[in-house]
Amino acid sequence: MIAMLNKTIDTARLRTFVLLCAVIAIDKADQILLPAVYLEVCNEFGAGPAALGMATFWRGIVQSIVALAVGPLGGRYDRVKLIAMGCVFWSVASLFVGSATSMRTLVISRALNGVGIGLVIPLVYALVADLCPANLSGRAFGVLNFANNGGAALGGFLATQLADTDGAVAGWRLVFYSVAVG
């Protein structure tokens, strides 16, 4: 799929596009992590599904609000730099999720995670639209969607495989640390 775009997009734009696909894939993997490790998190914190649902709820609400606010920023400032800042914020928040000591800190950390992702995702789509000529935009967004769904599949699979592992770090925590450095 990337090869099809390679014939008509210069190397620098193609490299940027591939990195944006990776960002989208990691985002979707990140979204699927908490539901994939609910059981282990519930057991560690003595929480029920409703408490974990709050973590997912607040991440989604914060991400949505930030995504609405980021549109004007993307028109005024360098999108690549804003995406990079959002990725750093998102990574740090994922480290906080993995380091949570209570349900409260997990919910707050997950909401902070939404800030970073809310900043990144709209700008990724805008940058892809800027990078690709109009006659290739459908193909480019198809590849981006492929990366998105691939991230969900891979994230869910890896999270469930690692979630109940024992070691120096609980498996569910390792999952969030892995995404933070991904």
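In what follows, the accompanying structure is described.

Rules of the game
- Residues numbered from 1 in each chain as written.
- Predicted model: local features only at pLDDT ≥ 70, side-chain atom pairs only at ≥ 80, totals over all residues.
- Heavy atoms only, no water.
- Helix = DSSP H or I, 4+ residues; strand = E, 2+ residues; numbered from the N terminus.
- Rg over C-alpha atoms; globule rule 2.2 N^0.38 Å.
- Buried < 20%, exposed > 50% of the residue type's maximum accessible area, 1.4 Å probe, protein only.
- Contact = heavy atoms within 4.5 Å.
- Areas by Shrake-Rupley, 256 points an atom, 1.4 Å probe, with all protein chains shown as cover.
- Lys, Arg positive; Asp, Glu negative; His and termini not counted.
- Charge placed at Lys NZ, Arg CZ, Asp CG, Glu CD.
- Phe/Tyr/Trp six-rings, centres within 6.5 Å; stacked < 30°, edge-to-face > 60°.

The next subject is the overall build of the chain. The helix and strand tally for the chain stands at eight helices and zero strands. For the chain, the succession of helices and strands along the chain, N to C, is α-α-α-α-α-α-α-α. For the chain, the C-alpha radius of gyration of 17 Å lies close to 16 Å, the compact-globule estimate for 182 residues. Counting all 182 residues of the chain, 41% fall into the buried class. Restricting to contacts in the chain with at least 6 residues of sequence separation, those with at least 24 account for 78%. Carbon and sulfur atoms make up 68% of the accessible area of the chain, which amounts to about 9100 Å² in all. Taken together, the 12 basic and 9 acidic charged side chains of the chain have centroids lying 11 Å from each other.

Summarising the element assignment, Ile121 is placed in helix 6 (residues 103-131). Residues Ile121 and Val70, spaced 51 residues apart in sequence, show a C-alpha to C-alpha distance of 9.6 Å. Filtering out sequence-adjacent residues up to four positions away, Ile121 remains in contact with Ile24, Asp27 and Gln63.

Take the side chain of Ser109 next. Looking at where Ser109 falls in the secondary structure, it is placed in helix 6. For Ser109, a relative accessible area of 7% corresponds to the buried category. Once residues lying within four places of it in the same chain are set aside, the contact partners of Ser109 are Ala93, Phe96 and Val97.

Attention now moves to the packing of aromatic side chains. Both the distance between ring centres and the angle between the ring planes are used here to describe each pair of aromatic rings. Evaluated as defined, the whole model comprises four aromatic pairs. Seen from their ring centres, Phe45 and Trp172 are 5.9 Å apart, and the 70° between their planes marks the pair as edge-to-face. Of this pair, Phe45 sits in helix 3 (residues 38-45) while Trp172 sits in helix 8 (residues 171-181), placing them 127 residues apart in sequence. Summarising the burial analysis for this pair, Phe45 and Trp172 share the class buried. Where Trp172 meets Phe176, the ring centres are 6.3 Å apart and the plane angle is 80°; that geometry is what we call edge-to-face. A residue pair is termed a helical-turn pair when its members lie 3 or 4 positions apart in one helix, as Trp172 and Phe176 do in helix 8 at four residues. The two residues Trp172 and Phe176 agree in class, both being buried.

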